[in-house]
Each structure stands twice: as structure tokens, then as C-alpha cells.
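A structural walkthrough
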Amino acid sequence: MNPLEKTKIQLGYIPLLDCIALLWAKQRGFFEEFGLDVTLVKEASWASLRDRLAFGVLDAAHCLSAMLPAAAIADDQIGIPLKTPLVLSINRAYISLSQSLSYTLSIQSTDSAKITAKKLVKHIHQQQSVALAHVFKHSIHHYCLREWLALADENLAYDIMLKTLPPPYLVEALSSGHIEGFCVGEPWNTQGEIEGVSQIVASSRDIIPAIADKVLAVTEEWALKYPNSLTALTAAVIKAQKELETLENFEPVWQLLSEFNIIRFECSPQVHVHQYYAIESIIRHFVEDSASPNIEHFVWLFEQMYKWNHPVNDSTVDQSLIKQFSQKCIDDATFQRALAYI
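These numbers were taken from a predicted model, which means no experiment stands behind them.

The subject of this paragraph is the overall build of the protein chain. Assigned secondary structure in the protein chain consists of 17 helices and ten strands. Seen along its three principal axes, the alpha-carbon backbone of the protein chain occupies a region of about 65 × 55 × 30 Å. Out of the 342 residues belonging to the protein chain, those deemed buried represent 56%. Counting contacts in the protein chain only where the partners sit at least 6 residues apart, residues at least 24 apart contribute 80% of the total. Of the charged side chains in the protein chain, 27 are positive and 39 negative; the average position of the first set lies 2 Å away from that of the second.

Laid out in C-alpha cells, this is it:
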């Protein structure tokens, strides 16, 4: 490996299951193996993580994929370009409603995403106010929630006001009655069900394509200034991803998630067994075939950002320009170099 331009790295994350490869790389000494001294920095919200990454407080971060298209065209009001050499997860989000609302809507476990959307929209059309939340404006969770509602009423999907809350606060907000539903990644949907306050009513994979959800991101400037350090960082995380896929004893992973306060409920091969193995399966298959960033994913994200920022009847979009911006978001060369070191 070429000499590293920078070895001390501040790496930001939000407490979600799909930050596990970063935690595991630190736990297993993979960062040190590639010459890096990494400090993991827990962020309170996606907004604070984005701002601290953009302005250089963080060197790299566990980011929402949709943050990159927003940064590329300054729709995030900052306009500092971001790049990713590595996908951390393909969308595995869920939509949950409060158990009381689910009961009122007579939602059944066999209901499709379209049926649950129709039941909720009918309820809203009966002059019933429903507060729904997602994690961030520029996220697949936001787009998934609107696409779900659009299965029943596209106009309502555009017009409804949605709230934004950091993932760790969603279950608490639902429990206290501030919201009646949310779209988020795991483990927060499972936590809501185990606590008895919410019910999963739809999966993102039944609503939107299999799109990159979280990515490892740096600013474009950082990538140009520290290419060897970025390659080392990427290689360490890829090594962690690969080990998590085939790890025989999953208990150390579960302990790590508990230590970092990501799993906040009792769950084991003896207690809440179904949920335990479901979460284990998610972690083992976060990126499935490849963690290489895919330009088509970012094209889709650009299209969604444009779609939900514009009126229903405005469908004009420059596809060639979208592809140009999408290409700027990905750093496949670093991914390929990192693979060569593993």
C-alpha cells in the first residue's frame, strides 16, 4: 500500500444496524491493520453529521445515500460535494404505525403495502389527522414514505406534511403520541414492536427498488487530498463487511451493538428468537452481491429528489445532467484499489 497522507481519522456514525461494519472494523483492529488511527464519533442527527462532515470536523462518515445528490446540486443549502467509495447497506427500511392506529385501521399481517396505504389514506380522508415522520429530508426513508402513500393517493403523497426526527427518537416520539407512524431502518422498528407501541405495516423493498441506503462518504476535496488514506479506510470496512457475512459466532456482534446502545432491548437465541435471527440475517446481507457504488442508484435518488420537490404535473428532468451528477457522487476507483489490498 502507498504511504498514507493522513492516519488520524474522525469517523462519524448514527446508531443504526448498518453502521456495524464501521464498529466491527474498529473492534477487530482492521483500521490499525491498514495503518489508520480511527476515532468513532457518534452523531445526534443526520443534519449534524452532514454539517460536520461537510465542514471538515469529521473526515468520513456513515451517510444517507441521498445526501450525496443533494450536496451535488446544493439542495442541502451547503453545496460541498460528497463522494462514496463504498455502500454500507441496500435499503431495508420499514414503515411502522402505532399499534392503536393499526388496530383502528384493521391492518392485517397479510396486507400488502398498497392495502395498508389505502387503509391509512382512507382514514386521513375522513378528516383524521395523522402525524408521520422520517429520518431526514434527503433519505430513501422520506421517498419511501411518500411512494407508499402514492400507492393510494398521489396528490396526498405530495401535499402531506411529514415530520423529521433522528432515528433513535422515533420510538419515543410515537410512544408519547407526538407521531403515529414512521419510516426508518432497523433496529427501531423491531424495538417499537418489542415495546408494544408500534407495528410494522410495510417494507421498503415492497415499495421502492433495492437502492443504496447508507454509504461511506467523504467530501470530494478530502478524497482528492488523501486518496491513499481513503483507500485504506475503505479496505478496512470491506474486510469487516466480508467477515460479518460469514461469522460463525454472532454473539460478539450483538454485544457490540448493545455496547454502542444501538440494540436497546433484550433479544437472543432464547428471547425474542425470531427478531434475533431476523436482525442477524439483515446484518449478514446488508450489501448482498457487491458494496461497489452503483451509478443507477444515484440516478434514482436524483429523480426522487426532483420528483418530491416539484408539483405533480411537472415531470421535466434532464436525464443526461442527472447522470453527470450521479457519476460525480461515486468513487469506484477507490473501491477497486481497496479490494486489491484485501
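It is worth spelling out the pattern of salt bridges at this point. For side chains bearing opposite charge, pairing can occur when the charged atoms are close. Enumeration according to the criterion identifies twelve salt bridges in this entry. Between K214 and D18 there is a salt bridge, with its nearest N and O atoms 2.9 Å apart. Placement of the pair is K214 in strand 10 (residues 212-219) and D18 in the loop between strand 1 (8-13) and helix 1 (20-27), with a sequence separation of 196 residues. Ionic pairing is found between E147 and K307, a salt bridge with its closest N-O pair at 2.9 Å. Taken together, the residues E147 in helix 7 (residues 140-150) and K307 in helix 15 (residues 295-309) connect sequence positions 160 residues apart. According to the relative accessible area criterion, E147 is buried, its value standing at 15%.

This part is about the domain arrangement of the protein chain. Interface size, as often reported, equals the accessible area lost upon joining of the parts. What the domain assignment lists for the protein chain is domain 1 (8-90 + 212-340) and domain 2 (93-206). Computed from C-alpha atoms alone, the centre-to-centre distance between domain 1 and domain 2 is 24 Å. Here domain 1 meets domain 2 over a buried area of about 2,800 Å², counting both sides, of which 68% is carbon and sulfur. At the junction of domain 1 with domain 2, the criterion picks out two salt bridges. Of the charged contacts in the structure, one is a salt bridge between K137 and D75, with a shortest N-O distance of 4.0 Å. Where domain 1 touches domain 2, the interface holds five residue pairs in polar contact (both at pLDDT 80 or more). Among the secondary structure elements, those contributing two or more residues to the side of domain 1 that touches domain 2 are helix 3 (46-54), helix 4 (67-72), strand 10, helix 14 (273-284) and helix 15. If you tally residues by element for the side of domain 1 that touches domain 2, the top one is helix 15, at seven residues.

This part covers the packing of aromatic side chains. Here the structure, examined in full by the defined rule, presents eight aromatic pairs. Plain terms: the ring middles of F302 and F325 are 6.0 Å apart, the flat faces sit at 35° to each other, and that makes the pair tilted. Of the two residues, F302 sits in helix 15 while F325 sits in helix 16 (residues 319-329), which places them 23 residues apart along the sequence. F302 gets classed as buried once you look at its relative accessible area, which sits at 4%. Site record: aromatic cluster; members linked through ring pairs are F250, W254, Y276 and Y277.

The rules behind these values
Every chain is numbered on its own, with residues counted from 1 as its sequence reads. Reporting in this predicted model follows two pLDDT cut-offs: at least 70 for local features of residues, and 80 or more for side-chain atom pairs to be given and counted; totals over whole chains, interfaces and linings ignore these cut-offs and use all residues. Where side-chain values are given, they derive from all heavy atoms of the structure, hydrogens and water being excluded. Starting at the N terminus, helices and strands are each numbered in turn, a helix being any DSSP run of H or I of at least four residues and a strand any DSSP run of E of at least two. Three exposure classes are used, based on accessible area relative to the maximum for each residue type with a 1.4 Å probe and protein chains only: buried under 20%, partly exposed in between, and exposed over 50%. The contact definition used throughout considers only heavy atoms, calling two residues in contact when any of these lie within 4.5 Å. Counted as positive: Lys and Arg. Counted as negative: Asp and Glu, with His and the chain ends omitted from the count. For the purpose of locating charges, the reference atoms are NZ of Lys, CZ of Arg, CG of Asp and CD of Glu. Within this document, salt bridges are pairs made up of a side-chain nitrogen of Lys or Arg and a carboxyl oxygen of Asp or Glu, the two lying within 4 Å of each other. An automatic or database domain assignment supplies the residue ranges for each domain. The buried area of a pairing is the accessible area, by a 1.4 Å probe, that goes missing from both parts when the two are put together, added over both. What qualifies as a polar contact is a pair of N or O atoms within 3.5 Å, subject to a donor-acceptor requirement within protein and to the restriction that residues adjacent in sequence count only when both atoms come from side chains. When the centres of two rings from Phe, Tyr and Trp lie within 6.5 Å, Trp using its six-membered ring, the rings pair. Their planes under 30 degrees apart give stacked, over 60 give edge-to-face, and anything left gives tilted.

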